[in-house]
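# Structure assessment
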Amino acid sequence: MRLLLIEDNARLGGLVVEGLTQDGFVVDWRETLEGGIEARSLAAYDLVLLDLGLPDGDGLDLVKRLRRNHDAVPILILTARGGLGDRIAGLDVGADDYLVKPFDIAELAARCRALLRRPGACLGVVLRAGNVALDTASRSLEIGGVPVGITPRELALLEHLLRRAGQVVPKPLLEDQLYAMDAEVTPNALEVAVSRLRKRLSAAGADLMLRTAHGVGYALIAEPARAAPHG
C-alpha cells in the first residue's frame with residue numbers, strides 16, 4: 001500500500017516513514033501543502049496522512065480541495081490540535097480519522113490498516129490463487145495451509161501480483177507501488193525482488209509460477225496440471 005505523508009516536523013516525519021516502512025507500507029513524505037498537492041497529482045495513493053499546521057497553509061484546506069474534486073482517498077489527520085471542536089471540524093470537512101500527537105507508531109499503523117479495511121479500500125480481504133493465500137489485513141501468507149515467512153517487500157510484490165493473477169503486471173506499475181518517489185532504487189531492484197519471491201514460492205510448494213514477460217512485466221499463473229501416469 002502506498003501512503004502520502006504531509007508533515008513538516010522532520011523528526012516525526014522520519015519516525016513515521018521508518019515505522020510504516022517496516023510495517024510494509026510504501027511512504028512518500030512531503031513537508032509542505034504544495035508539496036503534498038503536487039505528489040497527489042503525480043501518483044495514486046491508498047491513504048493520505050496529513051498534518052494541519054503546515055508552513056504554507058492549513059491541512060484542512062487540502063482536505064476541502066480533495067473532496068471538492070471528488071477525490072475519495074482516505075485521509076488520516078495527524079495533529080497537535082486535540083480539542084473536540086478541532087476533531088469535529090476535521091471530520092466534517094471530509095477527513096476519515098483523527099490522531100492526536102504525540103502518538104505511538106504502532107497505533108498509527110493499526111489506524112492505517114483499519115481505514116484500508118473499509119469497503120472499497122485495499123485491505124480486508126484474503127487474496128487466493130491456487131494454494132496461495134495472502135491475508136491483506138494481518139499481512140500473513142499461507143501456502144498449502146502452512147504459514148510462510150516473507151519479507152515486507154516480497155509480500156507487497158506478491159499482493160500486487162495476486163490482485164491481477166493470470167495477467168501480466170507492467171514493471172512500471174510494480175515499481176510505482178513498491179518504492180517511494182525519493183527512494184534510491186537500483187536499476188535491477190525489482191528483478192531482485194522477483195527472483196527472491198520466485199524462490200520462496202517454489203521452496204514452499206506453491207502451485208503458482210511467477211513468469212517473466214520480457215520487456216513488459218511479470219505474471220502469476222497456475223502451474224499446469226501433471227498428467228497421471230499410464231498403467
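Keep in mind that this is a model prediction, so the values were computed, not measured.

### Things to note about the sheet that holds strand β2 (residues 26-30)
Pairing is parallel in the open sheet, where 5 strands are placed in the order β2-β1-β3-β6-β7. Every other strand in the sheet has two partners, leaving β2 and β7 (97-100) as the edge strands with one partner each. Sheet twist, expressed as the average angle between the axes of neighbouring strands with direction ignored, equals 20°. With 4 bridges joining them, strand β3 (residues 47-51) and strand β6 (residues 75-79) adopt parallel strand pairing. Its bridge partner lying in β6, Leu50 is registered against Ile77. Packing against the sheet, helix α1 (residues 10-22) makes contact with β1 (2-6), β2 and β3, and its axis sits at approximately 170° to β2.

### Some words on the pairing of strand β13 (residues 208-213)
Along a regular strand, successive side chains alternate from one face of the sheet to the other. Direction of pairing for β13 relative to strand β14 (residues 217-222): antiparallel, over a ladder of 6 bridges. The residue bridging Thr212 from the neighbouring strand is Tyr218, located in β14. Hairpin connection from β13 to β14: 3 residues lie between these consecutive antiparallel strands, with Gly215 at a positive phi of about 80°.

### Examining helix α8 (residues 189-203)
Taking 1.5 Å per residue as the helical rise, α8 with its 15 residues ought to reach 21 Å, and the 21 Å between its terminal C-alpha atoms agrees with that figure. Residues of α8 that are buried include every one of Ala189, Leu190, Ala193, Val194, Leu197 and Leu201, and no others. All buried residues of α8 fall inside an arc of 130° around its axis, so they share one side. The exposed set on the far side of α8, more than 90 degrees from its buried face, consists of Arg196, Lys199, Ser202 and Ala203. Considering only its buried residues, α8 is in contact with β10 (140-143), α6 (152-163), α7 (171-178), β13 and β14. Among the residues trailing α8, Gly205 stands out with phi positive, at a value near 80°.

### A closer look at the nonpolar core
Counting 29 residues, the largest nonpolar core has Val132, Leu157, Leu158, Leu161, Leu162, Leu197 and Leu220 as the members making the most contacts within it. Among all residues touching Leu162, those that are not within four sequence positions of it are Leu127, Ala129, Val132, Leu134, Leu208 and Leu220.

### Notes on the packing of α6 against α7
Where α6 contacts α7, the axes come no closer than 10 Å and their chain directions differ by 135°. In terms of axis orientation, α6 runs oblique to α7. Both α6 and α7 take part in a crossing whose hand is right-handed. Seen from α6, the contacting residues are Arg153, Ala156, Leu157, His160 and Leu161; seen from α7, they are Leu174, Gln177 and Leu178. A per-class count over the contact of α6 with α7 returns 5 nonpolar, 2 polar and 1 charged.

### Some remarks on the pattern of salt bridges
What the rule picks out here adds up to 13 salt bridges. Two residues, Lys101 and Asp51, come together in a salt bridge whose shortest N-O distance is 3.2 Å. Taken together, the residues Lys101 in the loop between β7 and α5 (105-116) and Asp51 in strand β3 connect sequence positions 50 residues apart. The class of Asp51 is buried, set by a relative accessible area of 4%. In this structure, Glu159 and Arg139 form a salt bridge, with 2.9 Å as the shortest nitrogen-oxygen distance. One end of the pair, Glu159, is in helix α6; the other, Arg139, is in the loop between β9 (132-135) and β10, and 20 residues separate them in sequence. With a relative accessible area of 17%, Arg139 lands in the buried category.

### Brief notes about the environment of Gly85
Tracing the backbone shows Gly85 in helix α4 (residues 84-92). We classify Gly85 as partly exposed; its relative accessible area is 49%. Once the C-alpha coordinates of Gly85 and Ala106 are considered, the two residues, 21 residues apart in sequence, prove to be 26 Å apart.

### Some thoughts on α6
Compared with an ideal rise of 1.5 Å per residue, which puts 12 residues at 16 Å, α6 spans 17 Å between its outermost C-alpha atoms and is within 8% of the ideal. Most of α6 is tucked away: 9 of the 12 residues are buried.

Parameters at a glance
- Residues numbered from 1 in each chain as written.
- Predicted model: local features only at pLDDT ≥ 70, side-chain atom pairs only at ≥ 80, totals over all residues.
- Heavy atoms only, no water.
- Pairing = 2+ DSSP bridges.
- Helix = DSSP H or I, 4+ residues; strand = E, 2+ residues; numbered from the N terminus.
- Axes fitted to C-alpha atoms, helices over the stretch in contact; angles between N-to-C directions.
- Contact = heavy atoms within 4.5 Å.
- Expected span 1.5 Å × (residues − 1).
- Buried < 20%, exposed > 50% of the residue type's maximum accessible area, 1.4 Å probe, protein only.
- Arc of directions from axis to C-beta.
- Core = buried A, V, L, I, M, F, W, Y, C linked by side-chain atoms within 4.5 Å.
- Parallel < 35°, antiparallel > 145°, perpendicular 65-115°, else oblique.
- Left-handed = near helix turned anticlockwise from the far one by under 90°.
- Nonpolar A, V, L, I, M, F, W, Y, C, P; charged D, E, K, R; others polar.
- Salt bridge = Lys/Arg side-chain N within 4 Å of Asp/Glu carboxyl O.

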